Structure formats: C-alpha cells, structure tokens
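As a plain string of letters, each chain reads:
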Amino acid sequence: MSTRSRQASPEIVPGSHQIPDTLQTVDAKEWRLDLFRCAPPLKRIARLRWFQFAAVFPNLLIFLLFISAGIFGTPVGNRNIMIIFVWILWWFLLISAMVPFASRIWCAMCPFPFFGEWFQRRALVRVAAIDPKKEKKGGPGSVIGRNRYFGLNRRWPKALSNIWIQNFLFLALCTFSALFLTRPIVSVVVLSSIFLTATIFHLIYRQRAFCNYVCPVSGFLSLYSMASMLEVRSRDREVCDECKEKACLAGSERAWGCPWFMYPSKMERNNYCGLCMECVKACAHDNMTVNLRPFCSDTRLKGYDEAWKAFIMLSLATTYSIIYLGPWGFLKDWANIAESGKWGGFLAYTAVLWASALLLVPGIYYGAVWIGKRLAGDCEVSFKDAFLGLAYPLVPLGLLAWIAFSFPLMLVNGSYILMTLSDPFGWGWDLLGTSHIAWTPVVPHWTPYIQVLFLLVGLYYALTTGYAQARKLFGSEAAVKAFTPVAILLTACVSCFAWLYGG
Amino acid sequence: MSQKMAEIVAVFATLIGIGATIFLPFVYQSRHLFRDSDIQVINLTGVNSAGTWTEEEVNGWNYWRRDFAAARPVLNVGRTARFRLKSADVIHTFYAPALGVGPVQVYPGHVVEFEVRPAQRGVFQYYCTTVCGMPHFGMRGEIVVQREGEAVTTGSLPTSGKYWLEPPPPANANLVERGQWLFHQKGCFTCHGPEGRGGVSNWNYVKGTVPALNALAERLMLFDREDVKVIVEQMESGKNLNSLVASPPVARFNVFLAQYRSVRDLIRKGSTPGKKDPHGPVPPLEMPTWDQRLSEVEIDAVIAYLLTLQP
Amino acid sequence: MNPVEKGGRSGHGRLWNAALFLAVVSGLGTLGFVLAPAAPAPKERSITVRAHRYGYDPKIIRVNRGDRVRLRFVSEDVTHGFYLEGYDLDVSIPPMHPSVEWRKPSQPGKLKVIDEVAFTADREGKFRYRCSMTCGFLHPFMLGEFIVSPNRLLPVSLGLTWGVLVGGFLVVVLKGTHK
C-alpha cells in the first residue's frame, strides 16, 4: 500500500513524519462500521459548511467566560468555573470519552485556532476557492491548492515536522501542573498563552501548523487517538486512485484542503487528523466517511518522537498518581512551589520527572526490547522498527492509566461542577439553585476497584497489541520470545499502579 | 449566496457573542448586588495571608498583591446595610457581637449575606473567630455607625496582621528574650495588650476585658524581684521545676509550683471565657489551645517573659 | 501476511482460548484472595491525626478489621476536614480549639461537637481520608490512606494482573502445540 502518500503533493505538504517503509501498515481486515451509511443525518451534518463553526463557536464563548472568571472571579480554585470546568470536567471528558471513542473530535471544536484560522481563511463558514483553469496565481493572499489563504503562509521547517516540540512543551507545562490546576489566574495565563501563540502561528505558518507541531495538548491527542474507536477514512481506495481533482488534499469550491497537511484519501492513522470534516465536504465522489472501529486499530508508531510521547505520558501518569492521589504531603509541597517555596524539593521533583520521562523509562524499555530481540535471534528486523513496534502497547496502557488517574478526580470533585454551574465566578450567584449543595464524593470507596479494572483493560490491550506487533516483526515463531521481556515489563508497570492505587 | 448569508450571520454571531460573554456577567452581577436601591451593600472578603477583612475586591488577578487594607465600614443609623461576606482562601468566621452580628462561618468561594439595621451610633468591633493562619489574631477592625450626613468619626486604625513578619530572635537570645519574641510573634499581645498590659475589651465577658498578664509574678507568689530572677534562672538552665521540691529555691515554692502548673495548663488547653449575661452572645475572644503550637520550652519562655513584667 | 489469523481460527477455538484465559486470570485472582493474610484479633487504637496544608500525619493509618478506632484531631494551621471514605464520617477540625465538629454525610444538617471520634473498622479494604474544608490551593489533593486489613484488593489485583500475562502466554503457547 502507499506509505509515501503524504509526499504526493509536496506543494501542500510542508513536511512529513519520517516513515519507515519496512512495516506493512494495514492489519487484517477488522470490522468497520460506516457511520455515514448507518446514520445519514450524521453525514448531512458533517457536510454542512457551518459544521465546524457551530462546533467551535460555543466553545469559544465558554473559553472567554472561563478567562473572565479566572481574572475577575474568586481566587478559590474549587469555586471558580475556570478550574472546575477545565481541569475536572473537560479533562475528564477529553481523556475518558472523547479520545477513546471519538478520536481527536476535540480538535474540531477547539477554540484556540479560531481567530488564527479566521484570519488565514478570511472566512468562518464559506470557502475562498479559485478556478484553477482561469486564475493560477495573483489576487490577494496566496493560493495553496485551490484555496486562497491570507497571512505569511510559510512552510513549517522540515526539521521540526515531528512532535518533539509538543513533547517538550507538554512536559514543561506539566511540571507546573500543581500551579495551574489550583489557581485560576495561572490557568488563565497558560490557556491564553496557548491561545495567543496559536493565533500568531496561524499568521506566520500555513494552516494548522501550530496544532500539528506545537500545541502541547495536541501531542497526546495524536498519540492516544490511535487507540480510538472513530476514524475518518476513504471508503474505496480505487475511487481515490482514479480521482483527478484530489479535492480532499487541494481543496475545492466546496471545502478547504486538509488543514492538517494530510492526504485524507490515503490516511491510515488517526494521529494527525483533526476531524474537521473538510475532506468529507470536499470529496466529489462521496468517498470519505467516518467509521466506527475496534479499539486500538492504528498500531504503528512512525518515529521516536511518537514513542517518546508515550514514555512521557506514562511517566506523567505515574508522577501525578503519586503526587495527587498519594498521601505524601511533602511531594505536594515540592510540586506546589509558588506557595511552599521549597526550591530544592521542586528541583528534585522536576529532575526526577524529566529524567524518568526522557531517559529512565525509555532506557528500561530499550533494555527490554533489546533482550527480546536477542531472544528472538532475528537479525533482519532493524532495532528501530522493533523498538517502535514494541513501544505501541504503551498507547492503550498509557491511555487507560490516564483514565484510571482521572476517574477518581471526577468522582470526588464532580459536585463542584454543579456548584460552579450555578455560580461560575464565585460571586454569590445561584442560577440553577445548586450553588450551595454540599461537597459530595460519589462512591469514593469504589475508586481503587474501578482504577484496577481500567488498568487490567489497559494491560489486556497492551499485551494483545504488543504480541500482534511482535508477530508482524518477528513472525509467529519468534514472537513470544521477542515480546516476553516487554510483556513482563508492562505487567510489572501495571502492578506498580495497582500497588499505588490499591496497596 | 446562502454561503455568503451564513458568513455574515457567523461574523455577527461571533462579535455579539464575544461582547455578551464578556459583559453580561458584570451586568448581571451589578443588578444582583444593587437590586434594592435603598440598601447599602458592604462587601467584605476575608484574606488569610494578610489577616484582614477587606472591602476591596479580591479576585484571581489581584489576590497575589497580598496587601489588602482592613475594612472600616461606615453604616448609617436606621438604614439597612446588606453585608456580603466572602473568603478568598480558607474558612473565616465573622463576628461583631456588639452589633448583634454573627458569628457566621464563611466558606471559601461562598457568599454569606445578611442585613443589619443599626439603631444607635457607635464604633463596633468585628473579629475573625476561627483561627485562619498566624495573621488571624490581628484580623479585626471596626464598624462605624453614624447619623446620615454626619462627618466620619476618626477612630483607632484597625489592626492588620502584619506583626508576624518580625525577624526571629538572635540564636543566642536568652529565655526571656525568646519569650518576648514569642509573645509578639504568636499574636498574644493582640488580646492581652502590649507587654501584657491588658485592657482589650471582650464583649459580654464576665471580666469585661481580656486579663492583663503583667502581674503574673504576684499571682505566682513571687513578690520579690529576686525570686523571679532565681526562678527564671532555674527555667533557663533547663531544669524541671518539679525536681526542686526537695530543695525549694524560693519561699512557698509548693504554692508557686501549683500556680505555675495551672498557668501552663491554661496555655496548653486554652479556656472559654465566661459570659456576663448568660443569654447574651458568646464573647468573641477566647484563649486558644497552644499545646500543638508551642513546645514545652517555648511555653516556659513565655512564662519567664511574663514573670519579668511589672504592672 | 495476514498476521492475526483471526479468520482461520474456528469459533470453537476462540471460545476455548477465552475460557482458558479467563480461567487463568480468575484463578490467580482467587489465589491472591486466599493468600491475603488474615486479620489478627481486634483491639483498641487511639490515634491523633494532625492535619496541615496539604497532608495528614499519620499519612497512612493501618488497622485491622474489627478494631475499635479512636481518633483525635489537631490542625496545625487552618480549618481542615477529615472525610473518611466508606465510613460515613466527616469531621471539621478548627485549629487551636479542643473540640471538633462531627457529622455523617448521609445525614446532612446534623452536627455534633465532640473531642474524639470513635468507630469500629468493620469494612476492610483501602479507603482514603480527604480534607473536606477548603483549606488552600491544593485542598482537593489533601488526603491520607486508611487501610483496613485484610486489604484483599492488592493481592487480588496483582493476581489478576499477572493472570492476564500468564493466561495470554498460555493461550499463545498452547495454540502452537495444538497445531
């Protein structure tokens, strides 16, 4: 199959991830449920020109309300809508509902690129298209494919066409989590900086370069969307092969070309698809659709950047479980540097977090893969392929570990959502009559059991997908040997989590 | 054509939506606050880091300034005032017994509202009566009630919690010096007066004012300055005073010892002030329990310091 | 290369694999349940819990099922809470004050001022106690652990965890020998 597809139109693709060609991409034909065939109204909605505007607009207003509440509302975090709705409700929905079941649907409704994209397109709803036969260049703005864009429209540097920036930004941001999770004003600073950066990057670089390569949230969405049960894909590759206009890529008078630098008709992974539905609208052959699919259907990590993202996410889930769900007050003091002022502790915590995320966890994993490869005795598989292939189980494991971490936060603090809904600023309102309900944890004593259950599901998927990867790489004979060290490592990792949550 | 219309609608919706999102909460808030035009609204926010009840607006943006001025609300005789109490951080209790207000617990992020219609002129003390951090003991001030149109009475300035910022005593300070520092730093003086002179009134307290402590030596049967010196020296040397029963250093040592123990107990366990009028309000100032805040040596240091004071 | 060979596997084989897998997982889980050490005879425990921003001392309270637990509370800075999961117990701890306010979350409105909270640890497992009175920025993360032996959760979940590995391994290996 075509793994080079993303180079098909170099004019549009400013850079692509390095793709090892040795791996076969498409697994056995697993089930797919074509949602546009099953539920035609969905397709009608997706094809509406104002679909994305309608999705983003409410979120933009809500975001502005949060910013306003963070600045003018109460400094008490658990009574300010900024903290409760972003870090309890949004985060919970994102990690335990949107990502596993709806891929990067958040990116379709994210308010951060709103102004940037508006500026680039000079359009919220309509499409600025050119007729390729009549006018080639000229006119205001610049022409990419068959659409006209404004701004500098520079290409994203090839050397940075990976998610390393996102990896480091996310890790840096998360080092200060104790501050922005608890102080509305710090959340305002963090979120509005992302908002501003997004806008500025949209003025300078093409399309969604910011989202694809810079946005700290986007990094883990791209990684974990591989496990998601939703995908945008073409129905019939042959239709695409014969297609002349390639509107999904280049745009048309019906839609913008893919803002994520993807070639939608040949897309094989969810990672860099923002579910904006432009390709669905663009396709003249009605060949793009949204499928429901089994969990963990994309199984190929394409570079060390993605593998490291998995290590970073797992390390963060562990660190957060220790700091926020553990009983160790002194660790909370270390992370909570702005109040405790314990710089030595903060540096120690930062050093341990960064070292484990960037060196220790990858190092241990490296060792396990190396032993496995030696056991398998196969020399044809390059180490990089083996490493990336066997790192994939960290996607389902990491995702479920994050869900296990986030679940108790929701169960314990869910009642704050009702309170802040009635009094978003902490100004003494009572809009819905729920402003003064008592803080009521919901079945908090069940949380360890629920957490262990999630971890077991994660382990199950990690082991099955990992074994499938090992078979692809090393063949059926050597797969067990090759995978055993990694499998033991994954099981040990889940055991550590189980001890943390239940011991 | 329809795309163009949709575009125009979208642009208008965006502009109007943004404006509404930013301004509507403020419009709603001011209507909510000033729903009765004839009622005076007094917003008080408890801030733990500054140890004040403040009338200033405390929000996410300015909470970090940490220097909110203590409130001195001015009410009018016969005009209803609506108090809106908030907390910016931890649980505070607002109490103005002379005005018949409180004690009300104020939970962070909740607003407690009540109305007061003062009948007579005067200056009324308010307090925070839940320990809310070390600045707590300075967290009090005055509510002024005057007749409409009268010039504002200038009274004593409300205290603020800044005293705890004192530098620690030098490492080689003796017991009495450390006691003096503790007496100040822990806020004892806010109720017992500077140098233990007392005189701080405690509403509906059986004795009227918080007891003075500058006559402690006499209460402990040390009528002679020399005796005080001897006892302080013994304390300073780290000896357990109980062990001195066999060879009493001062006259009537047993009586002294019994008194000394009861003073230590009082500091450790605190006490609830008795009411003058049994049906009246709880006196706002009570002796807190210090056993978790002061070590044995520190309690001795405070006692030693108090013994050196003279009325 | 069609690596998963799902199409080739008969429905019967799949069922057999699933049964084997589940048997191993639940077997090891049960083993964990059985191996969990039994609780010794109940006794009386008096514990003073010191609360501070943002943690408790002791941070972990270990008791045995049936123990009579007496808790006294001290707050070292501001008003804290002590909400014990699974025991319908919530205490508000004002600092520098001899008594605490005790309530049952299941019966809102009722409040009792007492010096000491006493109850029998009749529910085994791991519970957390959390601060229930907003006490500062990290208030929502202020917690400690109340572990009532025998806490079977840990051995059972470890058994299940390794059961997933062993079960999966057996399914894969036995299928090979079957052919």
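Quick caveat: nothing in here was measured; it's all calculated off a predicted structure. (Residues numbered from 1 in each chain as written. Chains lettered and ligands numbered in written order. Predicted model: local features only at pLDDT ≥ 70, side-chain atom pairs only at ≥ 80, totals over all residues.)

**Q** Would you explain the overall build of chain B in this entry?
**A** Helices and strands together make up the secondary structure of chain B, namely 7 helices and 9 strands. Taking 2.2 N^0.38 as the reference for a compact globule, 311 residues should give roughly 19 Å; the C-alpha atoms of chain B span a radius of gyration of 26 Å, well beyond that estimate. Overall, chain B is about 110 × 45 × 30 Å in size when its C-alpha atoms are taken along their principal axes. Sequence separation of 24 or more characterises 58% of the internal contacts of chain B that already satisfy a separation of 6 or more. (Helix = DSSP H or I, 4+ residues; strand = E, 2+ residues; numbered from the N terminus. Rg over C-alpha atoms; globule rule 2.2 N^0.38 Å. Contact = placed C-beta atoms within 7 Å.)

**Q** Would you mind going over the domain arrangement of chain B with me for this structure?
**A** Interfaces are often sized by the accessible area lost when the parts come together. Domain annotation of chain B identifies domain 1 (1–33), domain 2 (36–161) and domain 3 (166–308). On a C-alpha basis, the centres of domain 1 of chain B and domain 2 of chain B stand 37 Å from each other. (Domains from an automatic or database assignment.)

**Q** Sorry if this is basic, but what is going on with the nonpolar core here?
**A** When a protein is soluble and globular, its nonpolar side chains tend to lie buried together. In terms of nonpolar packing, the biggest core is built from 234 residues, with A391(A), A401(A), L455(A), L459(A) and L490(A) touching the most fellow members. With 26 residues, helix 21 (residues 447–502) of chain A is the single largest residue contributor to this core. Counting residues in each nonpolar core, the second largest holds 29 residues, with L182(B), L222(B), I267(B) and L285(B) among its members. (Core = buried A, V, L, I, M, F, W, Y, C linked by C-beta atoms within 7 Å. Buried ≥ 20, exposed ≤ 12 C-beta atoms within 10 Å, placed from the backbone.)

**Q** I would appreciate a short explanation of the sheet that holds strand 10 (residues 125–130) of chain C in the present structure.
**A** Two modes of strand pairing occur in sheets, parallel and antiparallel, and in both the strands are linked by backbone hydrogen bonds. Residues and elements named next belong to chain C. Read from one edge of the open sheet, 7 strands run 3-11-10-5-6-7-8, paired in mixed fashion. Single-partner strands in this sheet number two, and they are strand 3 (60–64) and strand 8 (112–114). Pairs of neighbouring strands in the sheet enclose a mean axial angle of 25 degrees, with direction left out of account. Here 2 bridges tie strand 5 (residues 80–84) to strand 10, and the two strands are oriented antiparallel to one another. Residue pairing in the sheet places L84 in a bridge with Y129 of strand 10. (Pairing = 2+ DSSP bridges. Axes fitted to C-alpha atoms, helices over the stretch in contact; angles between N-to-C directions.)

**Q** What is the right way to read the interface of chain A and chain C from this model?
**A** With 44 residues of chain A in contact, the opposing surface of chain C contributes 39 residues. Among the secondary structure elements, those contributing two or more residues to the side of chain A that touches chain C are helix 16 (329–335), helix 20 (394–422) and helix 21 of chain A. A total of 19 residues in the side of chain A that touches chain C trace back to one element, the largest contributor, which is helix 21 of chain A. A breakdown of the residues in the side of chain A that touches chain C according to their chemical character gives 25 nonpolar, 13 polar and 6 charged. (Nonpolar A, V, L, I, M, F, W, Y, C, P; charged D, E, K, R; others polar.)

**Q** Honestly, the pairing of strand 9 (residues 140–146) of chain B in this entry has me stumped. Any pointers?
**A** Residues in a regular strand project their side chains so that they alternate between the two faces of the sheet. All names here are of chain B. Where burial is concerned, most of strand 9 is hidden: 5 out of the 7 residues are buried. Pairing analysis gives 3 bridges linking strand 3 (residues 74–76) to strand 9, with the strands arranged parallel. The residue bridging N76 from the neighbouring strand is Q146, located in strand 9. In terms of strand pairing, strand 8 (residues 122–128) meets strand 9 through 6 bridges, oriented antiparallel. Counted as the bridge partner of Y127 is R140 from strand 9.

**Q** What's the story with the sheet that holds strand 4 (residues 68–75) of chain C in this structure? I'm lost.
**A** All names here are of chain C. Strand order in the open sheet formed by 4 strands is 2-1-4-9, and the pairing between neighbours is mixed. Taken across any chain shown, the strands that pair with only one partner, and hence form the sheet edges, are strand 2 (55–57) and strand 9 (117–120). Each neighbouring strand pair of the sheet contributes to a mean axis angle of 30 degrees, computed without reference to strand direction. Two elements, strand 1 (residues 44–52) and strand 4, share 8 bridges in a ladder whose sense is parallel. Within strand 4, the residue paired with R50 across the bridge is V74.

**Q** Whenever I open this one, the interface of chain A and chain B confuses me. Can you help?
**A** Counting residues at the interface gives 31 residues for chain A, matched by 27 residues for chain B. At the level of secondary structure, the elements contributing two or more residues to the side of chain A that touches chain B comprise helix 3 (51–72) and helix 9 (184–204) of chain A. Grouping the amino acids of the side of chain A that touches chain B by side-chain chemistry returns 19 nonpolar, 9 polar and 3 charged.

**Q** When you look at helix 11 (residues 216–224) of chain A in this model, what are you seeing that I'm missing?
**A** Counting buried residues in helix 11 of chain A gives 7 out of 9 residues, a clear majority hidden from the surface. Buried-residue contacts for helix 11 of chain A involve helix 4 (81–102), helix 5 (105–109), helix 7 (164–175), helix 10 (209–213), helix 15 (304–325) and helix 20 of chain A.

**Q** Even after reading the chapter, I still don't get the packing of helix 4 of chain A against helix 20 of chain A, so can you show me in this structure?
**A** Helices that pack against each other are described as a pair by the angle of their axes relative to one another and the distance between those axes. Residue and element names in this part refer to chain A. Two numbers describe how helix 4 lies on helix 20: the axes approach to 8 Å, and their chain directions differ by 140 degrees. Between helix 4 and helix 20, the interaxial angle falls into the category oblique. Taken as a pair, helix 4 and helix 20 cross one another with a handedness that is left-handed. Of helix 20, the residues touching helix 4 (which contributes I81, I84, F85, I88, L89, W91, F92, I95, S96, V99 and P100) are L399, W402, I403, S406, F407, L409, M410, N413, Y416, I417 and T420. (Parallel < 35°, antiparallel > 145°, perpendicular 65-115°, else oblique. Left-handed = near helix turned anticlockwise from the far one by under 90°.)

**Q** Would you explain unusual backbone geometry in this entry?
**A** As a rule of thumb, non-glycine residues mostly have phi less than zero, and peptide bonds are mostly trans rather than cis. Omega for the peptide link from R53(C) to Y54(C) comes to -10 degrees, which places this bond in the cis form. In this fold, Y54(C) is placed in the loop between strand 1 and strand 2. The omega torsion of the bond from S149(C) to P150(C) falls at 0 degrees, within 30 degrees of zero and hence cis. Within the secondary structure, P150(C) is located in the loop between strand 11 (143–149) and helix 2 (153–178). Despite not being glycine, S103(A) has its phi angle at roughly 50 degrees, a positive value. Even without being a glycine, C296(A) presents a positive backbone phi close to 65 degrees. Summarising the element assignment, C296(A) is placed in the loop between strand 5 (288–292) and helix 15. Taking the number of C-beta atoms within 10 Å as the measure of exposure, C296(A) has 23 and is therefore buried.

**Q** Looking at this structure, how should I read helix 19 (residues 383–391) of chain A?
**A** Since the α-helix packs 3.6 residues into each turn, any two residues three or four apart lie on the same face. Among all positions in helix 19 of chain A, only A386(A), F387(A), L388(A), G389(A), L390(A) and A391(A) are buried. Each element contacted by the buried residues of helix 19 of chain A is listed here: helix 15, helix 18 (343–376), helix 20 and helix 21 of chain A.

**Q** What exactly am I supposed to notice about the pairing of strand 7 (residues 100–103) of chain C here?
**A** Residue and element names in this part refer to chain C. Side chains V100 and W102 project from strand 7 onto a buried face, and the interleaved E101 and R103 project onto a face without burial. As paired strands, strand 6 (residues 89–93) and strand 7 are joined by 3 bridges and run antiparallel to one another. Bridge pairing links S92 to E101 in strand 7. The loop that links strand 6 with its antiparallel partner strand 7 comprises 6 residues; one of these, M96, has a positive phi angle of about 55 degrees. Here 3 bridges tie strand 7 to strand 8, and the two strands are oriented antiparallel to one another. Bridge pairing in strand 8 links E101 to V113.

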